[in-house]
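So the chains spell out like this:
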Amino acid sequence: MNPAAEGDAPLPARVAEHLQPGEGLVAAIWVSRPAGVEALRMSRSEMSPWRLRRATPESRRGVNGRPSSHAVALDEHVRTVNDPRVLALTDRRLLLLSQGLGSWRDLLPRPAGTLSPLRLRWESPRTDLTKATEESGHLRLDFTDGSYLILLTPSAHVQPFLDG
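Residues numbered from 1 in each chain as written. Predicted model: local features only at pLDDT ≥ 70, side-chain atom pairs only at ≥ 80, totals over all residues. Heavy atoms only, no water.

Turning next to the overall build of the protein chain. Assigned secondary structure in the protein chain consists of five helices and eight strands. Going from the N terminus to the C terminus, the protein chain shows its helices and strands as α-β-α-α-β-α-β-β-β-β-β-β-α. A total of 164 residues make up the protein chain; the buried ones form 38% of that total. Pairs at least 24 residues apart make up 61% of the contacts formed inside the protein chain by residues separated by at least 6 positions. As presented, the protein chain carries roughly 9,400 Å² of accessible surface, and 55% of it is formed by carbon and sulfur atoms. (Helix = DSSP H or I, 4+ residues; strand = E, 2+ residues; numbered from the N terminus. Buried < 20%, exposed > 50% of the residue type's maximum accessible area, 1.4 Å probe, protein only. Contact = heavy atoms within 4.5 Å. Areas by Shrake-Rupley, 256 points an atom, 1.4 Å probe, with all protein chains shown as cover.)

Another point: the pairing of strand S3 (residues 85-90). For S3, the buried fraction is high: six of the six residues fall into the buried class. With four bridges joining them, S3 and strand S4 (residues 93-99) adopt antiparallel strand pairing. Within S4, the position partnered with Leu 87 by the bridge is Leu 96. Counted along the chain from S3 to the antiparallel partner S4, the turn is two residues long. (Pairing = 2+ DSSP bridges.)

Taken as a whole, this structure holds five salt bridges when the rule is applied. For Glu 23, the salt bridge is made with Arg 93, and the minimal N-O distance between the two is 2.8 Å. On the criterion of sequence distance, the pair formed by Glu 23 in the loop between helix H1 (11-15) and strand S1 (25-31) and Arg 93 in strand S4 is long-range, its members being 70 residues apart. A salt bridge links Asp 75 to Arg 33; its shortest N-O distance comes to 2.4 Å. Within this pair, whereas Asp 75 is found in helix H4 (residues 70-75), its partner Arg 33 is found in the loop between S1 and helix H2 (44-47), the two being separated by 42 residues in sequence. For Asp 75, a relative accessible area of 3% gives the class buried. A single salt-bridge network, built from bridges that share partners, covers Glu 23, Arg 93 and Glu 123. (Salt bridge = Lys/Arg side-chain N within 4 Å of Asp/Glu carboxyl O.)

In structure tokens form, the structure reads like this:
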């Protein structure tokens, strides 16, 4: 489903079921990557030691880090604008949630006005996020391991995420 089709349903209410007891939600925002830029598998040329001398598909996609880094792990779960994800910042964690398809029940028809459930795709301790900045609809997340990821976001809704 498209978030616009869901009438800009309040994300805090949808994210709340994934919070731990006593955990507070700071902000939640829709994120994606540009259409036509999907996650790529590692090719033989990328495994070459000479790969460091040229731009990698990951750097062109807006992700920089070792394969085991936070940014690369998060990037594996981000999709295009046709299938956006919810990035939620709590007082304890950074979460990435997707709409539905967590079980066969998500395929059943829903009564009018009900929303598809969100499914946890990725999480990290909040302390692993060092900085979040925004410029022209692009949210950059920097992590303690030196990796970073750039995501598309609706600029009008990003400020609460940056203030958190």
